[in-house]
Amino acid sequence: MAEKEILFLEPVLKENVWGGRRLVEEFGYQAEGSAVGECWGISAHPHGDCVVSRGRFKGQHLSALYREHRELFGNLKSPQFPLLVKIIDAKEKLSIQVHPDDAYAAEHENGSLGKTECWYIMDCPENASLVIGHHAKNREELADLIHSDRYEDLIRHVPVKKGDFIQINPGTVHAITGGFLILETQQSSDITYRVYDYGRLVDGKPRPIHVEQSIQVIRVPDDCEQAVTHAQNLPDNQMNLLEACEYYKVWKLNVSGECILPWEYPFLLLSVLSGEGTIDGHSVSKGTHLILPAEYGIIKLQGRMELILSTAVK
Ligand code: ZN
């Protein structure tokens, strides 16, 4: 049953000015720089295309596997591998940003996908908050606040804690603040419009701000009241659905002892957030990213670990 082989992936590490050292020091990923912001754990995006690390597909890029062995992914229709899973270590706050939807990105960004994303908060400081949404009542007020640099009046700070889960639809103003470790599941897109960068200089100059694109794509008024789900204290050894949107489903799974799950997915992306154990006899631990291909069958997990799993809807 070689076609049911687990696809273990070699992550791609990214240096970012706002990144820290936790991905190297706590997760054991290999990277040189002093500011490593992102680990692209499951990605076929041209800016970071993961390679299979063992087995009969060893050495192949996920993009090539998706192109040439679509049966592993349930013969999904999407022309490009649709999802991207990353761990973000934000030592410093990120710029305030917004992403376009598919229609806007296709028209203005060379046919790229838009970006819907969601975050599971793996760690954050006490009494922390994220930027999610804004206070403008209409597009004129939005443009006015942006053009007059009144960003603190514009943005909405939402208190969050470790174990919260946040869905970020296209058009939602958002920013990760300092001290957060997040697992992000997103559409495979790298299109970001920077709304505001706190006046920071990078290499002596401010990074570009996408004022006009931001004003066009920000959802007004916003609808972020339901964005945060509390995912602490979920039952062990079962798939706990956190989100089902038009692009993906995302689950949290806490394994304690032995856990046997029926197979009811086109394929599954799996990331180990903490702990260690086995999946059908294969050792996995904090920081492992893998794909269970189509028709994989019953999954047997053992050990003590927290996982985030996802699958594509189209
Ligand atoms: Zn984003």
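Residues numbered from 1 in each chain as written. Predicted model: local features only at pLDDT ≥ 70, side-chain atom pairs only at ≥ 80, totals over all residues. Heavy atoms only, no water.

**Description of the domain arrangement of the protein**
So, step 1. According to the domain assignment, the protein contains domain 1 (2-230) and domain 2 (240-312).
So, step 2. The C-alpha centroid of domain 2 is placed 21 Å from the C-alpha centroid of domain 1.
So, step 3. At the junction of the two partners, domain 1 supplies 37 residues and domain 2 supplies 32 residues.
So, step 4. Carbon and sulfur atoms supply 72% of the area that domain 1 and domain 2 bury against each other, a total of about 2900 Å² over both sides.
So, step 5. Between the two partners, domain 1 and domain 2, sit one salt bridge.
So, step 6. Put simply, Lys286 and Glu26 hold a salt bridge, and the shortest N to O gap is 3.7 Å.
So, step 7. Put simply, domain 1 and domain 2 have nine residue pairs in polar contact (both at pLDDT 80 or more) between them.
So, step 8. Those elements that place two or more of their residues in the side of domain 1 that touches domain 2 are β1 (7-10), β3 (36-42), β7 (83-90), β9 (117-123), β12 (164-168) and β14 (180-187).
So, step 9. Counted by class, the side of domain 1 that touches domain 2 contains 22 nonpolar, seven polar and eight charged residues. (Domains from an automatic or database assignment. Contact = heavy atoms within 4.5 Å. Buried area = accessible area lost by both parts, 1.4 Å probe. Salt bridge = Lys/Arg side-chain N within 4 Å of Asp/Glu carboxyl O. Polar contact = N/O pair within 3.5 Å; in protein donor to acceptor, adjacent residues only side chain to side chain. Helix = DSSP H or I, 4+ residues; strand = E, 2+ residues; numbered from the N terminus. Nonpolar A, V, L, I, M, F, W, Y, C, P; charged D, E, K, R; others polar.)

**Observations regarding the environment of Asp203**
So, step 1. Within the secondary structure layout, Asp203 lies in the loop between β15 (193-196) and α6 (211-217).
So, step 2. The exposure class assigned to Asp203 is exposed, which follows from its relative accessible area of 72%.
So, step 3. When the C-alpha positions of Asp203 and Ser95 are compared, they lie 16 Å apart, and in sequence the two are 108 residues distant. (Buried < 20%, exposed > 50% of the residue type's maximum accessible area, 1.4 Å probe, protein only.)

**With respect to the pairing of β3**
So, step 1. Burial analysis of β3 places seven of its seven residues in the buried class, the great majority of the element.
So, step 2. Alignment of strand β2 (residues 12-20) against β3, held across five bridges, turns out to be antiparallel. Among the inter-strand pairings, Leu13 is bridged to a residue of β3, identified as Cys39.
So, step 3. Pairing of β3 with β7, which is carried by four bridges, proceeds in the antiparallel orientation. Opposite Glu38, over in β7, you have Ile88 as the bridge partner. (Pairing = 2+ DSSP bridges.)

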